[in-house]
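A look at the structure
Here is what each chain is made of, one letter per residue.
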Amino acid sequence: MFLNCHTWFSFKFGTLSPASLLDEVKRHGVKKIIVTEINSTASYIEILRLLKERGEESVVEIALGIEFREDSNFQFIAIAKDNEGFENINRYLSFLNREDAKKPDRCPVIDHTFVVYPLGRFEPEILKDNEFIGIRLAQVNNLVLNESYKHHKHKYVILHPVTFVDKPGYNVHRLLRAIHHNTLLSKLAPNQQCYPDEMMMPEKELCYHYRNFPEIIENTKNLIEQCSIKFDLYVDHNKKTFTSDRAKDWDFLITNAWEGFQKRYDPSDPVMRERFERELNIIQAKDFCTYYLIAYDLVRFADEHGYDHVGRGSGANSMVAYCLGITNVDPIELDLYFERFLNTERTSPPDFDIDFSWTDRDHIYEYIFSKYTTDHACLLGTHVTYQKRSVLRELGKVFGLPKSEIDEIVMFPHENKKRDQIRELIFRYAERMLEIPANISIHAGGVLITEKPIYHYTATEMPPKGYPVSHFEMHNAEDIGIYKFDILSQRGLGHIKETVRIVKQNQNKDIDIYQVNEFKKDLKVKELLRSSRAMGCFYVESPAMRQLLGKLRCEDYITLVAASSIIRPGVAQSGMMRAYIERFHAVRNGGTYESIHPKMDELMKETYGVMVYQEDVIKVAHHFAGLTLTQADVLRRGMSGKYRSRKEFERVKESFFENCKERDYKQEITDRVWFEIESFSGYSFAKGHSASFAVESYQSLYLKAHYPLEFMVGVINNFGGFYSTEFYFHEARMSGASIEPPCVNQGAYLTSICGTTIYIGFIHLKSLEGKVAKHIEKERSVNGPYTSMTHFLNRIKLGLEQIRILIRIGAFRFTRKSKQQLLWEAMLYYSEVKTKVIANHELFELDNTNFMLPVLERNNIEDAFDEIELLGFPLCDPYDLLKTSHRGDSVASELMNKLQQEVAIVGYLVTIKPTQTKKKQLMYFGTFYDKDGIVFDTVHFPDVAREFPFRGRGFYGIRGKVVDDFGVPIIEVKSMKKLPLVQKKELEEIGGSLKPNGQTQA
């Protein structure tokens, strides 16, 4: 009798999780429901999975539909009679989303469906055979005098939506509606929220309310009985063939894989042949041929168009993938555990993550959707859920708190929980709303390609990106048997490609960036790694990673691969990272270490008995605890929070402890091993994934070691590094570059280099319009350099404010006129030219009359403040802007000689990283550079962090003790004070005192 059931996937409307809805069904003895989410199909797979997991498939039946709403207006419910009807409804909603069309009052003809309208929308006599009018509880008594009902009783059905469980659930619904409408809860209109009675009840009780209208009860029963849905979970629903013929697919795979095998390995080596053939046999047995070929086709397309790519994820464990060029990591060299990727027990296909440059990925998407069409391909969705901070902020707004108070609640929740009644309500309902989905978003790179039309499984959204997005997320996609291809975008590939281009342009040298084996032996690369000077280099530039590489004295590929995974939160926070470092040094110095169990050392000899990679979980579960490979893979997948909540994971966990007990392991050993498995928390890498990252890191390191200036320009132009743009310019300067502000004759839209001089790109000028910035370079390339500012103004159409920006940054310094003089000339020019600036190139240049102006003084400090305003940072030595001349008693290069001593040092803030102690107290790690430009690191424990907080970017006077962390000096801060800069009123006293950094002053 319930044909309008919602879960919380009716975004910002429903309050019930799929599990809670089924609990309500069971509690009230209901045998069948129709799930009709509002403009969504996101819940049904999870509901089917839960029914299967609970063994309730034969007890409870569901059918599906969609409730169509236009904002708050209920338009109609479309209910699928069967799978074909569900596909048709999905197509229709997807069409509306694609066209950005309003949901209509009347549903068009959709085959294999029923449609239910609200009372009063249409007279029953004009309805089609499959259309009905829904009667809510509050409307029942009105039917007594309704003449239409008397003559068309067969057109009316029960419409009792299910949206929440109880009064607090209704309150949550109202809060969600207020958030949706961005209004105060007190101003939420009645038509913007549901009826207070939208709760499930026993069917007998529901029918009692309609007892005087038995035809409505009978109509509803008949409608529901005619509706059903059938989906087989965990059955492959992906594209079945690549060439449309399975035999041809297999021949195509073998031919191309064998060709790659002969290039990469010795075909006469029996060990290599055995591994190659074993992989092929499993691929064939598990029917993963098409999955491989689709991935191969994508990288082949990329190669043909010159798009760089990196195959990673567990796919890097596959020799066949390496031979096909899908990955660039040799699984034999690294002894990668193939069973992490494929084994005879595995039911899901392997996981290929293919990275493309951020400049190229959209071309890959275009290829995918042109080849497979939007009928069979879509991007994978994901669900953004309310988290602690976001829900507090949203509730603060709907309860009418000012922004300052909301900020205080978010920053200091514990201190605010009991302050007043409003805050108590906010925290009470924030707890209830945690993890409720807020909206659909796009997975980082997941693409789905199906054999049947994608609409057979989901309706799709059409976000601004321009490609359809599924309503379900990746776990549900796996449940329904659709497995994603991760087509990812990253800027590391972009800066590598850009650097190679810039080196060719600036030095006329060609670089083969794929000679990674040579890069691994390069002495300059080894020195960069060892000395932790990898700023700008892919994945190894962050303060934590630089410190880790220093602690490990890293200078080889294997150590770098391990470091790439050790740095991940799961390994680092569990203490396993420290254990790895201690054992690394113990072995390096000829000593030994105490292991958990000899079997752990045997399984993970390379990492000193420490679990570092995802496949270590499989190894330990299979060989240490005796779980099957299927169970071991469940355990690995269970490292993600959502999967861990499933009963399947709990059963495997029980088997782990039972098996360990049967093997007579001591309880403390079993507990410790389980703790290490549990600590991975979804953050660990597969070894092949880490290896792929390490290959890219080596490419970056080689470029920085041999072409540091071009490399930093490449990093700056890709806008995706760990640090700010200012710091990358600083790195370039430390490597010998002269940094020039933008110049209309030498500069470009992006940052450029000529010899050792780097010209900041116009793109970095905050207020300069993009079209102006691009046109400056384009016009110059067509019609030659600008000879004066007036010449420039006659050719480039822009307003006075835009030319002021260019003058103040020094873009006309080639004229050798002061900025004040140029500003005067600009104002005179615009006062004379009342109409639009002429954009055409003049045949004869007519310059303005040279006026005699008084001498207008200006100093370098003023230029620096202009640069800070326009670029965000000064081009002089920032230390020249400090008000004090005090620089402390130490510099970064001396710290290793001052271990356990207290030092005073002045630092220019580069970056900070907040984190929490085990007691959930806030602390920080800081990175600064000293007066010599050398980087140093600090740690701010909770007491210090509270007493001496960071106060934004700038300079800090720091006092603390230098400690040695495996050969890396770190200052444990005891006190810290932000230092003031000079003020403009003091300019006359210190004017002209700046040290130039290579740029010409106007």
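Bear in mind that the values here come from a model prediction, so they are computed numbers and not experimental data. (Residues numbered from 1 in each chain as written. Predicted model: local features only at pLDDT ≥ 70, side-chain atom pairs only at ≥ 80, totals over all residues. Heavy atoms only, no water.)

**Points about the overall build of the chain**
Within the chain one finds 41 helices and 22 strands. For the chain, the C-alpha radius of gyration of 33 Å lies close to 30 Å, the compact-globule estimate for 1002 residues. Taken along its principal axes, the extent of the C-alpha atoms in the chain is 95 × 80 × 65 Å. Buried residues in the chain amount to 57% of all 1002 residues. Expressed as a percentage of contacts within the chain between residues at least 6 apart in sequence, the contacts between residues at least 24 apart total 70%. Carbon and sulfur atoms form 50% of the exposed surface of the chain, whose accessible area is close to 43,500 Å². (Helix = DSSP H or I, 4+ residues; strand = E, 2+ residues; numbered from the N terminus. Rg over C-alpha atoms; globule rule 2.2 N^0.38 Å. Buried < 20%, exposed > 50% of the residue type's maximum accessible area, 1.4 Å probe, protein only. Contact = heavy atoms within 4.5 Å. Areas by Shrake-Rupley, 256 points an atom, 1.4 Å probe, with all protein chains shown as cover.)

**Some remarks on the packing of aromatic side chains**
All told, the structure shown has 61 aromatic pairs when counted by the stated rule. Plain terms: the ring middles of Phe-261 and Tyr-265 are 5.5 Å apart, the flat faces sit at 35° to each other, and that makes the pair tilted. Tyr-265 matches Phe-261 in its accessibility class, with the two residues each being buried. Plain terms: the ring middles of Tyr-723 and Phe-727 are 4.9 Å apart, the flat faces sit at 50° to each other, and that makes the pair tilted. When its relative accessible area of 3% is taken as the criterion, Phe-727 is described as buried. Taken together, the ring pairs in this structure connect Phe-722, Tyr-723, Phe-727, Tyr-728, Tyr-879, Tyr-908, Tyr-929 and Phe-955 into an aromatic cluster. It is Arg-106 that lies over the ring of Phe-122; its NZ or CZ is 5.0 Å from the centre. A cation over a ring is seen here: Lys-155 above Phe-132, with NZ or CZ 5.1 Å from the ring centre. (Phe/Tyr/Trp six-rings, centres within 6.5 Å; stacked < 30°, edge-to-face > 60°. Lys NZ or Arg CZ within 6 Å of the ring centre and 35° of its normal.)

**Considering the UniProt feature "domain: DNA polymerase helix-hairpin-helix motif" (unreviewed entry) in the chain**
Residues annotated in UniProt with the feature "domain: DNA polymerase helix-hairpin-helix motif" (unreviewed entry) correspond here to residues 736-822. Secondary structure content for residues 736-822 is 39% helix and 10% strand, while the C-alpha to C-alpha distance between its ends is 31 Å. (UniProt positions renumbered as here; feature names shortened; annotations may be inferred.)

**Side note on the nonpolar core**
Counting 131 residues, the largest nonpolar core has Phe-624, Val-673, Phe-792, Ile-803 and Leu-806 as the members making the most contacts within it. A total of eight residues in this core trace back to one element, the largest contributor, which is helix 32 (residues 687-706). Discounting chain neighbours no more than four positions away, the residues touching Ile-803 are Met-789, Phe-792, Leu-793, Leu-798, Phe-812, Ala-826 and Tyr-830. Ranked by size, the runner-up nonpolar core spans 66 residues in total, among them Ala-78, Tyr-117, Leu-127 and Tyr-457. (Core = buried A, V, L, I, M, F, W, Y, C linked by side-chain atoms within 4.5 Å.)

**Points about the domain arrangement of the chain**
The domains assigned to the chain are domain 1 (2-226), domain 2 (246-370), domain 3 (377-492), domain 4 (576-663), domain 5 (737-871) and domain 6 (878-987). If you average the C-alpha positions of domain 2 and of domain 6, the two centres end up 48 Å apart. (Domains from an automatic or database assignment.)

**Details of helix 23 (residues 557-566)**
Because the α-helix completes a turn every 3.6 residues, residues three or four places apart line up on one side. Burial runs high along helix 23: nine of the 10 residues are buried. When we look at burial in helix 23, the residues that qualify are Tyr-557, Thr-559, Leu-560, Val-561, Ala-562, Ala-563, Ser-564, Ser-565 and Ile-566. For helix 23, the capping residue at the N-terminal end is Asp-556, with a side-chain oxygen 3.2 Å from the backbone nitrogen of Ile-558. (Polar contact = N/O pair within 3.5 Å; in protein donor to acceptor, adjacent residues only side chain to side chain.)

**Some remarks on unusual backbone geometry**
You will see that Thr-373, though not glycine, has its phi angle at about 70°, which is positive. Structurally, Thr-373 can be placed in helix 13 (residues 361-376). At Asn-508, a position not held by glycine, the phi torsion is positive, near 55°. Summarising the element assignment, Asn-508 is placed in the loop between helix 19 (491-507) and helix 20 (516-521).

**Considerations on the pattern of salt bridges**
In total, this model carries 61 salt bridges according to the counting rule given. Note that Lys-153 and Glu-215 form a salt bridge whose closest N and O atoms lie 3.8 Å from each other. In this pair, Lys-153 is assigned in the loop between helix 4 (147-151) and strand 7 (156-158) and Glu-215 in helix 7 (residues 214-225), connecting sequence segments 62 residues apart. Overall, Lys-153 belongs to the partly exposed group, its relative accessible area being 32%. In this structure, Asp-355 and Arg-312 form a salt bridge, with 2.5 Å as the shortest nitrogen-oxygen distance. Note that Asp-355 is positioned in strand 9 (residues 353-357) and Arg-312 in strand 8 (residues 309-312), a separation of 43 residues in sequence. In this structure Asp-355 comes out as buried when scored by relative accessible area, which is 1%. Each member of the salt-bridge network shares a partner with another, and the members are Glu-46, Arg-49, Glu-53 and Asp-479. (Salt bridge = Lys/Arg side-chain N within 4 Å of Asp/Glu carboxyl O.)

**Some details on the confidence of the model for the chain**
Residues at a pLDDT of 70 or more form 94% of the chain, whose mean pLDDT is 91. This stretch, residues 835-846, has a pLDDT under 50; its non-local contacts, to residues over four places away or in other chains, come to 21 contacts. Low pLDDT, under 50, characterises residues 988-1002; the stretch is placed with 36 contacts to residues that sit more than four places away or in other chains. (pLDDT = per-residue confidence, 0-100.)

**Observations regarding the pairing of strand 5 (residues 113-118)**
Taking burial as the measure, the six residues of strand 5 include six buried ones, the bulk of the element. Across the two faces of strand 5 the burial is the same, with Thr-113, Val-115 and Tyr-117 and Phe-114, Val-116 and Pro-118 all buried. Both strand 5 and strand 6 (residues 131-135) contribute to a ladder of four bridges, which runs parallel. Along strand 6, the bridge assignment pairs Pro-118 with Gly-134. (Pairing = 2+ DSSP bridges.)

**Things to note about the side chain of Arg-312**
The exposure class assigned to Arg-312 is buried, which follows from its relative accessible area of 11%. Side-chain polar atoms of Arg-312 contact the side chain of His-689, separated by 2.8 Å. Ignoring anything within four residues of it in the chain, the contact list for Arg-312 reads Asp-351, Phe-352, Asp-353, Asp-355, Leu-488, His-689, Ser-692 and Phe-693.

**Some points on a positive patch on the surface**
On the surface, a cluster of positive charge is made up of Lys-388, Lys-417, Lys-418, Arg-428 and Lys-920. Turning to its location among the elements, Lys-417 is positioned in the loop between helix 16 (413-416) and helix 17 (421-433). (Patch = residues over 30% accessible without salt bridge, like charges linked within 9 Å, V, L, I, M, F, W, Y side chains within 5 Å. Lys, Arg positive; Asp, Glu negative; His and termini not counted. Charge placed at Lys NZ, Arg CZ, Asp CG, Glu CD.)

**Side note on the sheet that holds strand 17 (residues 757-759)**
Strand order across the open sheet formed by three strands is 15-17-16, with mixed pairing between neighbours. Among the strands making up the open sheet, the edge pair consists of strand 15 (738-740) and strand 16 (752-754). The average undirected angle you get between the axes of adjacent strands in this sheet is 25°. In this sheet, strand 17 lies alongside strand 15 in parallel orientation, the contact comprising three bridges. Considered in strand 17, the bridge of Ser-738 is made with Thr-757. (Axes fitted to C-alpha atoms, helices over the stretch in contact; angles between N-to-C directions.)

**Quick word on the sheet that holds strand 4 (residues 73-80)**
Read from one edge of the open sheet, seven strands run 1-2-3-4-5-6-7, paired in mixed fashion. The strands lining the two open edges of the sheet, one partner per strand, are strand 1 (2-5) and strand 7. Strand-to-strand twist across the sheet, computed as the mean angle between neighbouring axes with direction ignored, equals 35°. Sitting on the sheet, helix 3 (residues 83-99) touches strand 3 (61-70), strand 4 and strand 5, and the angle it makes with strand 3 is about 20°.

**Remarks on the environment of Arg-121**
Along the chain, the position of Arg-121 falls in the loop between strand 5 and strand 6. In this structure, the C-alpha to C-alpha distance between Arg-121 and Phe-792, residues 671 residues apart in sequence, is 65 Å. At a separation of 3.2 Å, a polar atom in the side chain of Arg-121 contacts the main-chain carbonyl oxygen of Asp-105.

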